[in-house]
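Structure at a glance
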Amino acid sequence: MGSVAEFVDLRREVERLRAENARLGRLLELRGQDTSATPEQLSAPVEPPGLVTMASPTHDKLALFADRFRARARADVYAVRWDNARTGAAGWMPAVAGGWRKGMDRRGAAYLPRTTEVVAAHLVGDVFMGLYPLMPGSTCHFVVADFDGPTASQDGRPPAPRRPRGRGAPGAAAG
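My aim in this report is to walk through the structure given alongside it, one point at a time. In this convention, every chain numbers its residues from 1, walking through the sequence in written order. Reporting in this predicted model follows two pLDDT cut-offs: at least 70 for local features of residues, and 80 or more for side-chain atom pairs to be given and counted; totals over whole chains, interfaces and linings ignore these cut-offs and use all residues. Water and hydrogen atoms were dropped before computing side-chain values, which therefore reflect all heavy atoms in the structure.

What counts as a helix is a DSSP run of H or I of at least four residues, what counts as a strand is a run of E of at least two, and both are numbered from the N terminus. Across its full length, the protein chain holds four helices and five strands. The buried label goes to any residue with under 20% of its type's maximum accessible area, the exposed label to any with over 50%, and the partly exposed label to all in between, with areas taken from a 1.4 Å probe on protein chains only. Buried residues in the protein chain amount to 17% of all 175 residues. Here, two residues are considered to be in contact whenever any of their heavy atoms come within 4.5 Å of each other. Relative to all contacts within the protein chain whose residues are 6 or more apart in sequence, the contacts with residues 24 or more apart total 47%. Calculation of accessible area relied on Shrake-Rupley with a 1.4 Å probe; when residues are assessed, cover is drawn exclusively from the protein chains displayed. Here the protein chain has roughly 14,300 Å² of accessible surface; of this, 57% comes from carbon and sulfur atoms.

Right under this line is the structure:
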């Protein structure tokens with residue numbers, strides 16, 4: 001990976017940034033401004049397997065994914081992406097045995113369940129998989145919004161902070 005000198009340089013940069021952050025925090029406090037983290041900035045404690053990154057082993061990524069979506073998304077079905085090269089249209093549809101065919105009766109479709117193997121294929125980029133967060137009984141435990149492009153930072157900022165209604169529904173925004 002990196003050399004010892006590179007590691008030392010990175011460590012020095014981290015320390016410099018921490019010192020600058022502390023200095024800026026003191027300046028804000030002198031001006032009477034609150035420097036405590038907002039609830040959106042707080043993160044959950046890191047539990048085993050620890051911090052999961054792109055370099056983490058697949059089993060750690062699967063464990064993280066399972067922890068986040070185990071009881072919060074349907075396991076009896078998942079979505080797959082479709083693209084029409086002729087028209088340029090794209091979207092998502094339920095995964096079914098044998099794939100969708102023109103004129104197929106949707107009532108008789110054999111929906112494929114979300115399995116560990118499907119999630120693993122998604123995490124390595126072999127499959128584009130989507131979740132169905134709407135549970136039986138019309139309940140939902142999470143909402144996801146993806147903001148891309150040059151206006152992503154503005155798109156992701158609502159005029160007034162709002163949280164999902166319901167009992168314990170988590171909310172977060174990322175740009």
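All right, on to the packing of aromatic side chains then. Between rings of Phe, Tyr and Trp, where Trp is taken as its six-membered ring, a pair exists when centres lie within 6.5 Å; planes separated by under 30 degrees are stacked, by over 60 edge-to-face, and by other angles tilted. Across all of its chains, the model carries one aromatic pair by this definition. Plain terms: the ring middles of Trp 100 and Tyr 111 are 6.5 Å apart, the flat faces sit at 65 degrees to each other, and that makes the pair edge-to-face. Within this pair, whereas Trp 100 is found in the loop between β2 (90-94) and α3 (116-123), its partner Tyr 111 is found in the loop between β2 and α3, the two being separated by eleven residues in sequence. Owing to a relative accessible area of 23%, Trp 100 belongs among the partly exposed residues under this scheme.

Our next topic: a nonpolar patch on the surface. Taken together, the side chains of Val 4, Phe 7 and Val 8 define a hydrophobic patch exposed on the protein surface, amounting to about 310 Å² of accessible area. In this structure, Val 8 sits in helix α1 (residues 4-30). A patch is a set of surface residues, each over 30% in relative accessible area and not in a salt bridge, joined within 9 Å for like charges and within 5 Å for the nonpolar side chains Val, Leu, Ile, Met, Phe, Trp and Tyr. Take a side-chain nitrogen of Lys or Arg and a carboxyl oxygen of Asp or Glu: if they are within 4 Å of each other, that pair is a salt bridge.

We now examine the pairing of β2. Pairing between strands requires that DSSP locate at least two bridges from one strand to the other. When strand β1 (residues 79-83) meets β2, the two strands line up antiparallel, connected through five bridges. Of the residues in β2, the one forming a bridge with Arg 81 is Trp 92.

Pairing within the open sheet is antiparallel, and its three strands lie in the order β2-β1-β3. Each end of this open sheet is capped by a strand with a single partner; those strands are β2 and β3 (129-130). Bridge analysis of β1 against β3 gives two bridges, and the strand direction is antiparallel. When the bridges of β3 are listed, Ala 79 appears paired with Gly 130.

Before going further, it helps to examine α3. When we look at burial in α3, the residues that qualify are Val 118, Val 119, Ala 120 and Ala 121. On the buried face of α3, the contacting elements are α2 (58-69) and β3.

With a phi close to 60 degrees, Ser 138 is a non-glycine residue in the positive phi region. With a relative accessible area of 63%, Ser 138 lands in the exposed category.

Time to look at the nonpolar core. Among buried residues, the Ala, Val, Leu, Ile, Met, Phe, Trp, Tyr and Cys ones that are joined through side-chain atoms within 4.5 Å form a nonpolar core. Core analysis: the biggest nonpolar cluster contains twelve residues, these being Leu 62, Phe 65, Phe 69, Ala 73, Tyr 78, Val 80, Ala 95, Val 118, Val 119, Ala 120, Met 129 and Phe 142. The contacts of Val 119, once residues within four sequence positions are left out, are Leu 62, Phe 65, Arg 114 and Met 129.

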